[in-house]
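A closer look at the structure
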Amino acid sequence: MSGHSKWATIKHAKGAADAKRGKMFSRLAKEIMLAAKSGGDPNTNPSLRNLIAKAKGINMPKDNIDRAIKKGTGELQAEVLEEITYEGYAGTVGLVVQVLTDNKNRAAAEIRNIFKKNGSELGQSGSVTRNFERKGQILLAKGSLDEDEVMMLALDAGAEDVNADEEGFEILTAPSDFVKVCEALNAAGIETTDAEVKLLPMATTPVTDINQARAVNKFIAALEDNEDVQNVYSTADFSDEVEAALEAEA
């Protein structure tokens, strides 16, 4: 996603879901298929449970969800999907593009073409991903949640860190502890705003020029519009002024 704050990124994603609901359905169906390979029962598969909750949050039809689960468990025939990661730069901003496709040659050609159209080229493997780390990120809306209670619950379940601000809580975990922390929150009746294992930048690239920000967002939007692209991660960190200007233009 583009270089917004973690909360603005979620709002951006929800807006994109409204505008491009069909593409969101397709992407989530692929993720649900992959998750269901580890078990089709959401009660014993927290990753699947989180994805189903996300799908329901954008009003994905129940039939679509059930069909994706059955494809993942092998009850229905499904195409073979391959996970591929591409990386490169939008100017000085690092980009990591995660693809899930049934045709890697088509995906490679299309992603390369998007980079070319935006004045860039694909980078070598590891050239950008080395600046990211894989973490479980769980976001909770503040509501009436008690900070000490959330912190104690999350840390006891294995979380690495809990950050609080005026909008809510960010819980970070090692990928191996993500499911355990999600289960602890679920058992306590705490609803997550967003929860997934993702790539987080270890260092960000400040973006203070509105034209640069527009170019980065245009580049990322073109990637996200591709049917094989599941996620786009960037190192961009928009300044408050740039963020406000972009929101005013939206």
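Preceding block: the structure.
As the structure is a prediction and not an experimental result, all values here were calculated from the model.

Procedures and definitions
- Residues numbered from 1 in each chain as written.
- Predicted model: local features only at pLDDT ≥ 70, side-chain atom pairs only at ≥ 80, totals over all residues.
- Heavy atoms only, no water.
- Salt bridge = Lys/Arg side-chain N within 4 Å of Asp/Glu carboxyl O.
- Helix = DSSP H or I, 4+ residues; strand = E, 2+ residues; numbered from the N terminus.
- Buried < 20%, exposed > 50% of the residue type's maximum accessible area, 1.4 Å probe, protein only.
- Expected span 1.5 Å × (residues − 1).
- Contact = heavy atoms within 4.5 Å.
- Pairing = 2+ DSSP bridges.
- Axes fitted to C-alpha atoms, helices over the stretch in contact; angles between N-to-C directions.
- Arc of directions from axis to C-beta.

As for the pattern of salt bridges
Taken as a whole and judged by the stated rule, the model has ten salt bridges. Ionic pairing is found between Lys-62 and Asp-66, a salt bridge with its closest N-O pair at 2.8 Å. Remark: Asp-66 and Lys-62 occur in helix α4 (residues 62-73); sequence separation between them is four residues, near one turn of the helix. Put simply, Asp-177 and Lys-180 hold a salt bridge, and the shortest N to O gap is 3.7 Å. Judged by relative accessible area, Lys-180 falls into the partly exposed class, the value being 45%.

Describing unusual backbone geometry
Phi is positive for Asn-59, which is not a glycine, with a value near 60°. By the secondary structure assignment, Asn-59 is in the loop between α3 (46-57) and α4. Look at Asn-59 and you get exposed, because its relative accessible area is 59%.

Digging into α3
The terminal C-alpha atoms of α3, which comprises twelve residues, lie 16 Å apart, in line with the 16 Å expected from a rise of 1.5 Å per residue. For α3, the elements touching its buried residues are α2 (21-36), α4, α7 (178-187) and β6 (194-201).

Here's the deal with the sheet that holds strand β2 (residues 93-101)
Spatially, the three strands line up as an open sheet ordered β1-β2-β8, and their pairing is antiparallel. Taken across any chain shown, the strands that pair with only one partner, and hence form the sheet edges, are β1 (82-90) and β8 (229-234). Between one strand axis and the next, the sheet turns through 15° on average, direction left out of account. On the sheet, helix α5 (residues 104-117) packs against β1, β2 and β8 and is oriented at approximately 10° with respect to β1.

A word on the pairing of strand β3 (residues 132-141)
Of all ten residues making up β3, seven are buried, and the element is well covered by its neighbours. Note that β3 and β6 share eight bridges and pair antiparallel. Bridging across to β6, Gln-137 finds its partner in Glu-196. Summarising the sheet, β3 and strand β5 (residues 168-173) pair through six bridges and their orientation is antiparallel. Opposite Ile-138, over in β5, you have Ile-171 as the bridge partner.

Quick look at α7
The α-helix winds at 3.6 residues per turn, so residues separated by three or four positions along the chain end up facing the same way. Among the residues of α7, those classed as buried are Phe-178, Val-181, Cys-182, Ala-184 and Leu-185. Angularly, the buried residues of α7 cover 160° about the axis, an arc narrow enough to put them on a single face. Buried positions along α7 lie against α3, β3, α6 (147-157), β5 and β6. Looking one or two residues past α7, Gly-189 carries a phi angle of roughly 75°, positive in sign.

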